[in-house]
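Now for the letters of each chain:
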Amino acid sequence: MNVFAETSLTLLATLTPVTRAAITALTESDRQFLLQKHNTYRANENAVTMPDLTWSASLASEAQAWADNCNFAHQTGQSWGENIAARTSGLSTNQNAMSLMVDQWTSESQYNTDGSFSCCSSSDYSCCHLTQVVWAATTEVGCGLAMCSTLTTSSGSMSDAAYLVCYYNPRGNSPTPTCTWDWSPYQVASK
């Protein structure tokens, strides 16, 4: 399998080649599906506080505009957090495509082997999608989905790619300055 990834300090994106999809504009059902997918994952974290996310129409509008550009890249200088993903096969419906892409982000838990989330830091970006999804201070999400006949990437392009963009407010992956930087997305609950 060919895997392509771009990284930035606070954000990480994954692009995985995967058949031509019937991807359409997000419906209310799609929005609820994405919200539930995020909140179900967040609820399973061992956090002192992990509020459910709410849907932000303004973030969704911004995310949709970015997805419609069909440019697989992070925006710079924005106040929100961001996860992006794209796939090129196995995408029969919006919800199937979105589920596969959100699962790409949350599967980064495999890199958080010691529970410290050091896999998302100034020197390691291997789980920064995951930490954005479970950043406890984040309370809103809004996403956009586009079917791009040509999706431009930093190394060329992909044909017929579904492109998911999710924005988060407040942004995650913003470390707490202490004597050292604490990149943990939440405080772990005692058992």
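Since the model is a prediction, treat every value here as computed from it, not as a measurement.

Throughout the structure, instances matching the rule amount to 2 salt bridges. Two residues, Arg-31 and Glu-28, come together in a salt bridge whose shortest N-O distance is 3.2 Å. Separated by 3 residues within a single helix, Arg-31 and Glu-28 lie in helix H1 (residues 28-43), roughly one turn from each other. Look at Arg-31 and you get partly exposed, because its relative accessible area is 24%. In this structure Glu-28 comes out as partly exposed when scored by relative accessible area, which is 43%. Among the salt bridges present, the one from Lys-37 reaches Asp-103, with a minimum N-O distance of 2.8 Å. Placement of Lys-37 in helix H1 and of Asp-103 in helix H3 (residues 94-106) is noted, with a sequence separation of 66 residues between them. Judged by relative accessible area, Asp-103 falls into the partly exposed class, the value being 33%.

A few words on helix H2 (residues 57-68). The end-to-end C-alpha separation of H2 is 16 Å, in line with the 16 Å expected for 12 residues at 1.5 Å each. Taken residue by residue, H2 has Leu-59, Ala-60, Ala-63, Trp-66 and Ala-67 as its buried positions. When H2 is viewed along its axis, its buried side chains cluster within an angular range of 125 degrees and face the same direction. Residues of H2 that are exposed and point over 90 degrees away from its buried face: Ala-57 and Ser-58. Count one or two residues on from H2 and you reach Cys-70, which has phi positive near 55 degrees.

With that out of the way, let us pick up the confidence of the model for the protein. In this model, the protein carries a mean pLDDT of 85, and residues with pLDDT of at least 70 account for 83%. Between the elements of the protein, mean pLDDT differs from a low of 36, seen in strand E1 (residues 4-7), to a high of 98, seen in strand E3 (residues 54-55). This stretch, residues 1-21, has a pLDDT under 50; its non-local contacts, to residues over four places away or in other chains, come to 79 contacts.

This part covers the pairing of strand E6 (residues 156-169). Pairing analysis gives 7 bridges linking strand E4 (residues 81-87) to E6, with the strands arranged antiparallel. Looking across to E6, one finds that Arg-87 is bridged to Ala-162. As judged from the 13 bridges shared by strand E5 (residues 140-153) and E6, these two strands associate in the antiparallel manner. Following the sheet pairing, Cys-143 is matched in E6 by Cys-166. Counting the residues between successive antiparallel strands, the hairpin from E5 to E6 contains 2 residues.

Once that is clear, we can look at the nonpolar core. Among the nonpolar cores identified, the biggest contains 33 residues, and Trp-105 and Leu-164 are the most heavily contacted of them. Elements supplying a minimum of two residues to this core: H1, H3, helix H4 (128-133), E5 and E6. Looking at this core element by element, the count peaks at 5 residues for H3. When residues no more than four places from it in sequence are discounted, the contact partners of Trp-105 are His-38, Asn-83, Ile-84, Ala-85, His-129, Leu-130, Val-133, Leu-164, Cys-166 and Tyr-168. One finds Phe-72, Ile-84, Cys-148 and Ala-161 within the second-largest nonpolar core, a separate group that totals 17 residues.

A few words now on the packing of H1 against H3. In a pair of packed helices, the angle between the axes and the distance between the axes together describe the arrangement. Interaxial distance between H1 and H3 falls to 10 Å at its minimum, and their mutual angle equals 25 degrees. Of the possible angle classes, the one that applies to H1 and H3 is roughly parallel. Here H1 runs over H3; the crossing is right-handed. Of H3, the residues touching H1 (which contributes Ser-29, Asp-30, Phe-33, Leu-34, Lys-37, His-38 and Tyr-41) are Asn-94, Gln-95, Met-98, Ser-99, Val-102, Asp-103, Trp-105 and Thr-106. Split into classes, the residues belonging to the contact of H1 with H3 amount to 6 nonpolar, 6 polar and 3 charged.

Basis of the calculations
Residues numbered from 1 in each chain as written. Predicted model: local features only at pLDDT ≥ 70, side-chain atom pairs only at ≥ 80, totals over all residues. Heavy atoms only, no water. Salt bridge = Lys/Arg side-chain N within 4 Å of Asp/Glu carboxyl O. Helix = DSSP H or I, 4+ residues; strand = E, 2+ residues; numbered from the N terminus. Buried < 20%, exposed > 50% of the residue type's maximum accessible area, 1.4 Å probe, protein only. Expected span 1.5 Å × (residues − 1). Arc of directions from axis to C-beta. pLDDT = per-residue confidence, 0-100. Contact = heavy atoms within 4.5 Å. Pairing = 2+ DSSP bridges. Core = buried A, V, L, I, M, F, W, Y, C linked by side-chain atoms within 4.5 Å. Axes fitted to C-alpha atoms, helices over the stretch in contact; angles between N-to-C directions. Parallel < 35°, antiparallel > 145°, perpendicular 65-115°, else oblique. Left-handed = near helix turned anticlockwise from the far one by under 90°. Nonpolar A, V, L, I, M, F, W, Y, C, P; charged D, E, K, R; others polar.

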